[in-house]
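Examination of the molecular architecture
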Amino acid sequence: MFEGLTHFFGAIVTMATWSTLFSVAWATLLGIAVGMLPGLTATLGLALLTTLTFKLAAGDAILILIAMYVGAIYGGSRSAILLNIPGTPANAATSLDGFPLARRGLAGRAMGISTAGSFLGTIIGMMALAAFAPLLAEWALSFQSYEFFWLAVFGVVVAGRLTAQGDPLKGWVSGFLGLLVAMVGQEAIYAYPRFAYGVTDLAGGFGLLPVLVGVFGFTEVLWVMKNPAYQAVKNATDSVVPRLREVFRHWVTIIRSGLTGTFMGLIPGVGEDMGSWVSYALARNFSRKPEEYGDGSIEGLMSAETGNSAAVPGAIIPVLTLAVPGSAPAAVLLAALFIHGVRPGPLIMIENPTFVFEVVAMVFFASLAILIYGLALTKPLLLILRVPYLKLMPIIFVLCVVGAYAITSRLFDVWVMLGFGVLGFFLRQLGFPMAPLVLGVVLGPILDVNLRRGLVLSDGDLTPFFTRPISAALWILIAITFLLGSDWFVRRMRKLADRVTPKSSEDGKG
Amino acid sequence: MARADLTTSLILIALGVGVLAESLRMPRFENLGINPYTVPGIVPGVLGVVLALFGVIMLVRTLRTRGAAEAAPPPSAEAHPVRLALAIATTLGYGFVLVGWLPFRWATFLFVTGFVVLFESRSAQRRQSLTRIVAFAVLEGAVVALAVGFVFERIFLVRLP
């Protein structure tokens with residue numbers, strides 16, 4: 001514990017140079033701008049910035065990416081409050097109470113609350129990152145192939161369940177499609193090129209970043225072009241500095257939402273949007289004034305913004321310790337770590353013990369930056385929302401093309417980006433969520449290698465996959481997730497419940 | 001949505017079966033005496049089965065609820081079908097054709113200018129004359145092409161297509 005604190009302060013002291021602060025300042029500001037603009041998400045911002053910064057030194061590049069990540073999730077609250085359009089999907093719950101407040105002329109107050117919530121949420125998540133990442137890494141040292149196999153399946157299944165609104169089957173299809181996409185190209189044991197049909201480019205497989213830029217960048221451009229234009233902004237006339245008393249009155253909500261957000265971030269592939277929705281739902285359940293929710297509740301706004309920001313450091317925990325992303329933007333961060341030669345995984349505390357605390361310090365700097373920007377630069381930041389989107393979209397698309405090309409200088413990567421962008425657009429149109437697909441692409445190689453390695457270790461015996469304690473816990477959780485998400489099982493359960501309590505049978509037929 | 005789900009489920013089944021068939025055709029390296037549990041086809045094969053299974057579940061579910069869901073209105077996507085088609089056509093035209101065929105800066109200039117003129121002149125909220133739109137679009141195209149080229153090549157030291 002104290003060793004961790006020493007590392008943390010050590011990291012802060014070594015990193016507090018002008019060049020670090022400058023990087024944090026511009027990257028967080030860029031992140032806020034990306035987050036504010038509807039149609040530009042944190043994932044897109046991170047993916048494009050990864051391609052831009054891959055020639056920089058590892059520490060600088062990761063710092064810039066983390067600042068962008070924290071900034072974007074926070075920035076999305078602005079458009080949610082002022083336009084009723086969440087700037088990133090993570091801010092959807094913010095608009096429920098933020099926009100009614102803005103309509104009442106309290107936009108400044110709402111932005112102040114969202115700034116305080118985001119800052120405190122990031123700090124709670126950051127403390128969890130510092131406390132749990134080393135523990136999780138140590139625990140994960142006992143993982144063998146069996147556990148990593150189940151972990152990969154678990155990630156796809158849980159992300160599919162939680163990100164598909166109302167239809168888990170579509171989430172699972174999306175996740176398993178992602179796993180299949182990862183199968184294309186040379187496999188890791190015999191270097192046999194699967195599904196390549198003699199094409200050299202296909203034998204190299206689909207790069208994660210082109211797929212990500214396609215699915216979260218190009219898809220998003222098409223999505224924005226499909227929908228009608230948004231109307232611009234009211235001005236905030238009231239003060240944006242939140243009264244401390246107002247913030248501290250909600251301390252229980254802040255801590256609850258911070259922990260909930262961190263936990264949702266920790267679950268593979270689930271991330272900020274669920275962090276904010278679940279925090280919001282919990283806050284309403286526990287609230288003394290639940291009737292205010294959806295009609296400008298300060299508490300609701302606070303819980304949503306604390307929840308999504310806390311999920312950012314939460315999602316970084318499994319990236320560092322298991323090499324499994326906690327959210328879609330964290331998947332980009334994971335790819336960036338690999339590009340820069342940092343090897344995340346259970347060994348990180350042994351090979352690179354100070355790195356985890358450097359990341360904690362980076363999150364800390366970024367959270368300070370959003371606090372300062374949020375309180376000091378409110379009005380200049382509103383100018384970002386006046387950018388006409390028809391002029392912006394072609395620029396974003398040009399950046400998608402350059403970004404896809406930049407890493408390996410292959411035109412093939414541009415085509416992959418285009419292909420996945422169009423595919424992603426139509427899948428999204430049909431109700432398939434994109435986050436499990438991306439998670440599947442990341443987890444595919446882990447699943448592939450560990451299933452086969454596990455089978456070799458056990459000489460074809462499937463028992464260890466089911467009987468080792470952590471494996472057992474994981475597959476039981478997977479089974480429960482599948483059952484709770486299947487119509488058939490839920491219907492059965494309802495029928496059973498109806499039989500036990502015949503009174504409720506009227507609404508039992510669904 | 002029901003018809004879309006029906007098509008999707010059939011595509012999924014076909015994909016799953018196709019992937020399974022391909023996986024069975026992958027080499028087993030028997031001549032190398034490798035452990036049979038590590039053959040390259042094993043994981044794709046399993047994934048093919050799972051996807052086909054999901055397809056079947058979706059098919060059954062769609063057929064069951066067919067009558068009820070048919071009355072639902074079409075998704076809001078149909079609001080701007082022409083705009084969407086134009087957006088797909090221009091972006092793919094740039095990515096597949098212009099980039100690689102023309103030097104990057106020219107390709108980008110043409111795309112950005114063309115995109116802005118096309119969509120702003122069709123916009124329902126259009127307030128400017130066509131000449132103004134074109135003039136601003138040419139300016140934007142030139143600035144973007146030169147700026148992106150400069151930033152990527154000189155500052156980030158990245159090669160351009």
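Residues numbered from 1 in each chain as written. Chains lettered and ligands numbered in written order. Predicted model: local features only at pLDDT ≥ 70, side-chain atom pairs only at ≥ 80, totals over all residues. Heavy atoms only, no water.

Focus: the overall build of chain A
Looking only at helices and strands, chain A has 24 helices and two strands in total. Taking 510 residues into account, the globule formula puts the C-alpha radius of gyration at 24 Å, and chain A, at 22 Å, falls close to it. Across its three principal axes, chain A shows a C-alpha extent of roughly 70 × 65 × 55 Å. Classification of the 510 residues of chain A by burial places 63% in the buried group. If you take every contact in chain A between residues at least 6 apart in sequence, the share linking residues at least 24 apart comes to 78%. Of the roughly 19200 Å² of accessible surface on chain A, 67% is carried by carbon and sulfur atoms. (Helix = DSSP H or I, 4+ residues; strand = E, 2+ residues; numbered from the N terminus. Rg over C-alpha atoms; globule rule 2.2 N^0.38 Å. Buried < 20%, exposed > 50% of the residue type's maximum accessible area, 1.4 Å probe, protein only. Contact = heavy atoms within 4.5 Å. Areas by Shrake-Rupley, 256 points an atom, 1.4 Å probe, with all protein chains shown as cover.)

So, the overall build of chain B
Check the secondary structure of chain B and you find six helices and zero strands. When the helices and strands of chain B are read in sequence order from the N terminus, they spell out α-α-α-α-α-α. On C-alpha atoms alone, chain B measures out to a radius of gyration of 25 Å, which is more than a quarter above the 15 Å that the 2.2 N^0.38 rule sets for 161 residues. Across its three principal axes, chain B shows a C-alpha extent of roughly 65 × 55 × 25 Å. Buried positions account for 40% of the 161 residues belonging to chain B. At a minimum sequence separation of 6, the contacts of chain B that also span at least 24 residues come to 64%. Total accessible area on chain B stands at roughly 9000 Å², and carbon and sulfur atoms take up 70% of it. Side-chain charges in chain B split into 14 positive and 8 negative, and the spacing between the mean points of these groups amounts to 5 Å. (Lys, Arg positive; Asp, Glu negative; His and termini not counted. Charge placed at Lys NZ, Arg CZ, Asp CG, Glu CD.)

Digging into the interface of chain A and chain B
Taken together, the contacts link 65 residues of chain A with 63 residues of chain B. Both faces combined, the contact of chain A with chain B buries some 5800 Å², and carbon together with sulfur accounts for 76% of it. The interface formed by chain A and chain B holds three salt bridges in total. Residues Lys391 of chain A and Glu120 of chain B are paired through a salt bridge, measuring 3.1 Å at the closest nitrogen-oxygen approach. Counting across the interface, chain A meets chain B through eight residue pairs in polar contact (both at pLDDT 80 or more). When contributions to the side of chain A that touches chain B are tallied by element, the ones reaching two or more residues are α3 (42-53), α8 (168-183), α10 (208-226), α19 (389-406), α20 (411-429), α21 (435-457) and α24 (487-500) of chain A. If you tally residues by element for the side of chain A that touches chain B, the top one is α19 of chain A, at 13 residues. (Buried area = accessible area lost by both parts, 1.4 Å probe. Salt bridge = Lys/Arg side-chain N within 4 Å of Asp/Glu carboxyl O. Polar contact = N/O pair within 3.5 Å; in protein donor to acceptor, adjacent residues only side chain to side chain.)

Observations concerning a positive patch on the surface
Positive charge collects at one region of the surface, where Arg491, Arg492, Lys495 and Arg499 of chain A together with Arg64 of chain B lie side by side. Of all the elements, α24 of chain A adds the most residues to the positive patch, at four residues. By secondary structure assignment, the location of Arg491 of chain A is in helix α24. (Patch = residues over 30% accessible without salt bridge, like charges linked within 9 Å, V, L, I, M, F, W, Y side chains within 5 Å.)

Details of the nonpolar core
In a soluble, globular protein the nonpolar side chains are often hidden away together inside. With 203 residues, the main nonpolar core has Ile66, Leu129, Ile316, Leu320 and Met417 of chain A together with Tyr94 of chain B as its most contacted residues. Counting residues per element, this core draws most heavily on helix α4 (residues 58-83) of chain A, which supplies 15 residues. The contacts of Ile66 of chain A, once residues within four sequence positions are left out, are Ile316, Leu333, Val359, Met362 and Val363 of chain A. One finds Ala93, Tyr280, Ala283 and Ala304 of chain A within the second-largest nonpolar core, a separate group that totals five residues. (Core = buried A, V, L, I, M, F, W, Y, C linked by side-chain atoms within 4.5 Å.)

Comments concerning the confidence of the model for chain A
Residues at a pLDDT of 70 or more form 95% of chain A, whose mean pLDDT is 87. Taken as a whole, residues 504-510 of chain A scores under 50 in pLDDT and shows six contacts with residues more than four places along the chain or in a different chain. (pLDDT = per-residue confidence, 0-100.)

So, the side chain of Asp167 of chain A
The topology assignment puts Asp167 of chain A in the loop between α7 (145-163) and α8. A distance of 2.8 Å separates polar atoms of two side chains, one belonging to Asp167 of chain A and the other to Arg61 of chain B.

Concerning helix α15 (residues 328-339) of chain A
Residue and element names in this part refer to chain A. Over its 12 residues, α15 runs 17 Å from end to end, which matches the ideal 16 Å to within 8%, given 1.5 Å per residue. In terms of residue burial, α15 counts as a mostly covered element, since 10 of its 12 residues are buried. Those residues of α15 lying buried are Ala328, Pro329, Ala330, Ala331, Val332, Leu333, Leu334, Ala335, Ala336 and Leu337. Once α15 ends, the next one or two residues include Gly341, with phi positive near 80°. (Expected span 1.5 Å × (residues − 1).)

Considering α8 of chain A
Over its 16 residues, α8 of chain A extends 23 Å from the first C-alpha to the last, a length consistent with the 22 Å expected when each residue adds 1.5 Å. Judged by how many residues are buried, α8 of chain A sits mostly within the fold: 15 of 16 residues are covered.

Description of the packing of α7 of chain A against α21 of chain A
All names here are of chain A. The N-to-C vectors of α7 and α21 enclose an angle of 155°; their axes lie 7 Å apart at closest approach. When the interaxial angle is binned, α7 and α21 end up roughly antiparallel. Handedness of the crossing formed by α7 with α21: left-handed. Contacts between α7 and α21 involve Ser145, Tyr146, Phe148, Phe149, Ala152, Val153, Gly155, Val156, Ala159, Gly160 and Thr163 from the former and Ala435, Pro436, Leu439, Gly440, Leu443, Ile446, Leu447, Asn450, Leu451, Arg453, Gly454 and Leu457 from the latter. Its residues assigned to classes, the contact of α7 with α21 shows 15 nonpolar, seven polar and one charged. (Axes fitted to C-alpha atoms, helices over the stretch in contact; angles between N-to-C directions. Parallel < 35°, antiparallel > 145°, perpendicular 65-115°, else oblique. Left-handed = near helix turned anticlockwise from the far one by under 90°. Nonpolar A, V, L, I, M, F, W, Y, C, P; charged D, E, K, R; others polar.)

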